[in-house]
Amino acid sequence: MKVPSSTTRRIVIAALVLAVSSQACTLSLFNTPTVPGAPTNTPGPILPTNTPHPVAQTNFITTIPEPLQPGETLTIAVLDEVTGLPLNPTTYPMTARDPLTYTATLPLAFQTMVKYRYIKRSSQQVVEDTTKGTAIRYRLYYVAGPADVTDIVADWGDKSYARPTGTIQGQVFNADTGSPLPNIMVTAGGIQYLTDSTGRFELTGVPVGTHNLVSYSLDGNYRPFQQGAVVADAKVTQVDMHLAPTRLVNISFIVSVPSETVPGVPVRIAGNILQLGNTFADLQGSLSTNTDRMPILSLQADGRYAGTMSLPVGTHIQYKYTLGDGFWNAEHKKDGQWVLRDFIVPEQDVTFQDSVETWISGNSSPILFEVNVPSATPVGDIIYIQFKPSGWTEPIPMWPLGNNRWAYQLYGPINTLGSFGYRYCRNGQCGSTDDLETASANTNGRQAITSLTMQDIQDTVNAWKWFENPEPGTLVGNNVTRRADGFVAGVEFQPTYRPNWSYYIPQGLSNTQAFGSNQVVFTPTWTYSSISPLTFATMPGQDPLWIDSAIMLSQAKSLGLKVAIFPSVNFPNASSSSFWLNAPRDAQWWQTWFARYRAFATHYADLATQSGSQTLILGGDWIAPALPGGKLSDGSPSNAPADVEAQWKSIIAEVRTHFNGKVYWALPFVEGGLATPFTFLQDVDGIYLLWSAKVATSQTATKTDYANEAGRLLDNEVAPLTTVVNKPVILAVSYPSAVGAATGCIANGQGGCLDISTLSRPNPDNETVSLSLQTQADIYEAMLIAVNGRPWIAGFISRGYYPPAALQDKSTSIHNKPAADILWYWFPRFLGNIQ
């Protein structure tokens, strides 16, 4: 790290001004989504956003599980999800009505959606928990007028209590059309659930008593719905809700920025709805907004920034202007306080004129970070900087200077930091695409120290982790037989997901198309957040939301790619094997499990229909214990129900009532395990064969040996299966770039085989496994040679593709690896695009 003189710093800032201002008028700086510049005649009246709102006196009455101890107090915290839930709360003390009942009266603005939770304070702050022991993100309350709100605190973060609970379940519908609504947040007692494609929700573990039940549209396109719900012990309270759709109006924002702003740098709007970058998730550093999902304003000739958005009438908007996200480089008041603007979207078009007082908080001066990156950095990559005040926060895109140089000026909040860590990464995937110098799992990064005088820190990234010296592929010409029409050649994206992937999915799709793919397989997920009671649903931040998946599918179709959906699962607190081992697996649990999987399958069948996808793939390797004769990882029976075949036949039949395309079943290849296929396979259209088979019969095996062994397995194991089921088979291949991959078993150091998915990003590196890009490329070429001589194979898919960045790591992804060059040769020839 080098800190130059003030003269040099002025030169650097001047260069930065020229670099970014030359691009600012078109805002091609990052090619991120922008809102159009406000027209000369802005729509509607011009208003400041600090116009006072009428307020309603709202009495919050809460019951706590046991009396407070001496020295403890109870507060209600109104939360700011734009800045970060724990970072800018407004707290109100509560008064005891009796030892277990506390009250507080809050003046809340009409038509606002209030996010809040209860906090117990003594020497430390303790946030309330659900009965499942998970921290409550927030409760919701919609202010329709003066009212009493009754709540029940189930648990505290430092102590759990046994109490009777029940369930609230139902569906959410469009009040005008009666159609079910997906992606609606339903919450009661601090428990949240996102509705599926049928509008279904289920809130389990709700304490017995009366609760405020709220339905909230994440994008504001439907008006909130709120009512009381009574929960009885071990009972189900059934509630259906009908939400009124809203209409859109044009809202223009015009903002003046302070003099310390580097001219032309991107000014974004961070806000509380999806369109303004809110992910409704707990991201790194307790943040919820993501820079890559925020709209960018356009620089105007007079130095102000402006943009127009279509927003839903009646929606409560909270927002701020930022040069980063809702926390870093967001606007402040002159006294250092956070700024959080709000308004209710009016019935007519309107223009808001705002002024940012300062980006700086406190007395610490801004720090300019400038970095030179390797010339091997892929064209089109964006360099990010990530800060670590205590833990790592969300990465922020830097500003390009040209010639592999990037810069970012940090204004705040740094006044209380002292020293802090930072690191550089590619395409926002810090922890996976890092500067080699700071790439360890427990890194504190490079170090910076705040100062009263401005600093200019100059760094050099000498190499990127997993992209130190990119290896090109070596191609050997083969005579490739053109396949019949309908042959599938493509990639399957890995199921791991992060909200900022949405910006890089188009780039990943273009890369797959460039090596000749005609199909992409998406693997959207739901999460098992609880084994008993079984909770299986979309979890924001871990799983793509309905709208995220719909956009990705649309982007693939716009490139002319065929689309398949292969729904997958997350096990955040366990592996799939431990999930099954720890499950009760009694008759009632199995009944619930099949009901949840049915909802999961129909959800994605509906998504496939609405998006125009060609194929839906069910099953997968994780599902083995729920199949006929299912076994657990320890070899013991899974106790799957006696009617398991009928269960699967029923699910497939129901899926077909939601989706008219092809339905495939993902079947793991196990040598000797395909002889007696399941009866329900007769009900699907094809087999998606998950292939990671052993193709090396000795340590000295060659690529030719790999091809011969693969051919033997295909002929002796797979061909008979196709004869029995009379279905096409698509080979879905997954091999890591690691020594030993051809053996089908990379040792895990415990006498077993490593789960190769653990080699995928963003998992930390497994140093016991050795990198070998050539091994993966050789296996791919051998598999393609084997497929070339077997016209009955209907397709070839590469599994585990990592879309946001090129990495030459140990994972199964082929993104920018020699194996991708192999596909570049074979795919167009298979498809007849090259003779």
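Residues numbered from 1 in each chain as written. Predicted model: local features only at pLDDT ≥ 70, side-chain atom pairs only at ≥ 80, totals over all residues. Heavy atoms only, no water.

**A few points about the side chain of Thr187**
Mapped onto the elements of the fold, Thr187 is located in strand β13 (residues 184-188). Separated by 3.0 Å, the side chain of Thr187 and the backbone oxygen of Ile191 make a polar contact. The contacts of Thr187, once residues within four sequence positions are left out, are Tyr138, Leu140, Gln192, Leu203, Asn212, Leu213 and Val214. (Helix = DSSP H or I, 4+ residues; strand = E, 2+ residues; numbered from the N terminus. Polar contact = N/O pair within 3.5 Å; in protein donor to acceptor, adjacent residues only side chain to side chain. Contact = heavy atoms within 4.5 Å.)

**Quick word on the sheet that holds strand β38 (residues 535-537)**
What holds strands together in a sheet is hydrogen bonding between their backbones, with the strands either parallel or antiparallel. Taking strand neighbours across the sheet as the criterion, the three strands line up as β38-β37-β40 in an open arrangement whose pairing is mixed. Strands at the two margins of the open sheet, each flanked by one partner only, are β38 and β40 (568-570). Sheet twist, expressed as the average angle between the axes of neighbouring strands with direction ignored, equals 30 degrees. Pairing geometry for strand β37 (residues 525-530) and β38, over three bridges, is antiparallel. Looking at the pairing, Tyr528 lines up with Phe536 of β38. Contacts from helix α5 (residues 587-611) reach β37, β38 and β40 within the one sheet, and its direction differs from that of β37 by about 155 degrees. (Pairing = 2+ DSSP bridges. Axes fitted to C-alpha atoms, helices over the stretch in contact; angles between N-to-C directions.)

**Structural notes on the pairing of strand β35 (residues 488-493)**
Burial within β35 is extensive, with six of its six residues counted as buried. Residues Val488, Gly490 and Glu492 of β35 are buried on one face, and the alternating residues Ala489, Val491 and Phe493, pointing to the opposite face, are buried as well. Both β35 and strand β45 (residues 793-801) contribute to a ladder of five bridges, which runs parallel. Across the sheet, Gly490 pairs through a bridge with Ile797, a residue of β45. Here β35 pairs with strand β36 (residues 519-522) via three bridges, running parallel. By the bridge assignment for β36, Val491 is matched with Val520. (Buried < 20%, exposed > 50% of the residue type's maximum accessible area, 1.4 Å probe, protein only.)

**Quick notes on the pattern of salt bridges**
As enumerated under the stated definition, the model contains 32 salt bridges in all. As a salt-bridge pair, Lys120 and Asp158 come within 3.3 Å of each other at their nearest N and O atoms. Here Lys120 is found in strand β7 (residues 113-121), whereas its partner Asp158 is found in the loop between β11 (155-156) and β12 (165-174), with 38 residues between them in sequence. Asp158 sits in the partly exposed class, given a relative accessible area of 43%. Measuring nitrogen to oxygen at the nearest pair gives 2.8 Å for the salt bridge that ties Arg139 to Glu128. Of the two residues, Arg139 is situated in strand β9 (residues 139-142) and Glu128 in strand β8 (residues 125-129); the sequence distance between them amounts to 11 residues. The exposure classification of Arg139 matches that of Glu128, with both residues buried. (Salt bridge = Lys/Arg side-chain N within 4 Å of Asp/Glu carboxyl O.)

**Quick notes on the pairing of strand β41 (residues 615-619)**
β41 sits mainly inside the fold: five of its five residues count as buried. Relative to β41, strand β39 (residues 562-565) runs parallel, the two being bridged by two bridges. Bridge pairing links Ala564 to Thr615 in β41. Bridging between β41 and strand β42 (residues 662-668) involves five bridges; their strand directions are parallel. Counted as the bridge partner of Ile617 is Tyr664 from β42. Taking the sense of rotation as the criterion, the β-α-β connection linking β41, helix α6 (residues 644-658) and β42 turns out right-handed. (Right-handed = clockwise from strand over helix to strand, strands pointing away.)

**Let's talk about the state of the cysteines**
A covalent bond between the sulfur atoms of two cysteines is what we call a disulfide. Inspection of the entire model under this criterion finds two disulfides. Put simply, Cys425 and Cys430 are joined by a disulfide, and their sulfur atoms are 2.0 Å apart. An S-S torsion of about -75 degrees defines the bridge between Cys425 and Cys430 as left-handed. Looking at Cys425, the relative accessible area reads 0%, which means it is buried. Its relative accessible area of 12% is what places Cys430 among the buried residues. Covalent S-S linkage joins Cys745 and Cys753, the inter-sulfur distance amounting to 1.8 Å. Between Cys745 and Cys753 the disulfide shows an S-S torsion of about -105 degrees. By sign, it is left-handed. Classification of Cys745 as partly exposed rests on a relative accessible area of 32%. Residue class for Cys753 comes out partly exposed when judged on its relative accessible area of 46%. With its disulfide-bonded cysteines labelled consecutively along the sequence, the chain is connected as 1-2, 3-4. (Disulfide = S-S within 2.5 Å.)

**A word on the packing of aromatic side chains**
This model, assessed by the stated rule, comprises 65 aromatic pairs. Between Phe327 and Trp328, the aromatic rings sit 4.8 Å apart at their centres with planes inclined by 80 degrees, giving edge-to-face as the arrangement. Look at Phe327 and you get buried, because its relative accessible area is 13%. Overall, Trp328 belongs to the buried group, its relative accessible area being 0%. (Phe/Tyr/Trp six-rings, centres within 6.5 Å; stacked < 30°, edge-to-face > 60°.)

**Structural notes on the confidence of the model for the chain**
Per-residue pLDDT for the chain averages 92, and the proportion of residues at 70 or more is 94%. Scored below 50 in pLDDT, residues 5-33 makes 62 contacts in the model with residues more than four places away or belonging to other chains. (pLDDT = per-residue confidence, 0-100.)

**Looking at helix α9 (residues 818-830)**
Over its 13 residues, α9 extends 19 Å from the first C-alpha to the last, a length consistent with the 18 Å expected when each residue adds 1.5 Å. For α9, a buried count of 11 out of 13 residues is recorded, marking the element as mostly surrounded by other parts of the structure. If you check which residues of α9 are buried, you get Pro818, Ala819, Ala820, Ile822, Leu823, Tyr825, Trp826, Phe827, Pro828, Arg829 and Phe830. Structurally, α9 contributes buried residues whose contacts are with β35, α8 (773-788) and β45. (Expected span 1.5 Å × (residues − 1).)

**Remarks on the sheet that holds strand β6 (residues 101-109)**
Here we have four strands laid out as an open sheet, ordered β5-β6-β2-β10, and mixed in their pairing. Across the chains shown, the open sheet's two edge strands, defined by having one partner strand only, are β5 (95-98) and β10 (147-152). Looking at each pair of strands side by side, their axes are set apart by 30 degrees on average, direction ignored. Two strands pair when backbone bridges link them, and strand β2 (residues 55-63) and β6 are joined in this way by nine bridges, in the antiparallel orientation. Paired with Thr58 across the two strands is Leu106, which belongs to β6.

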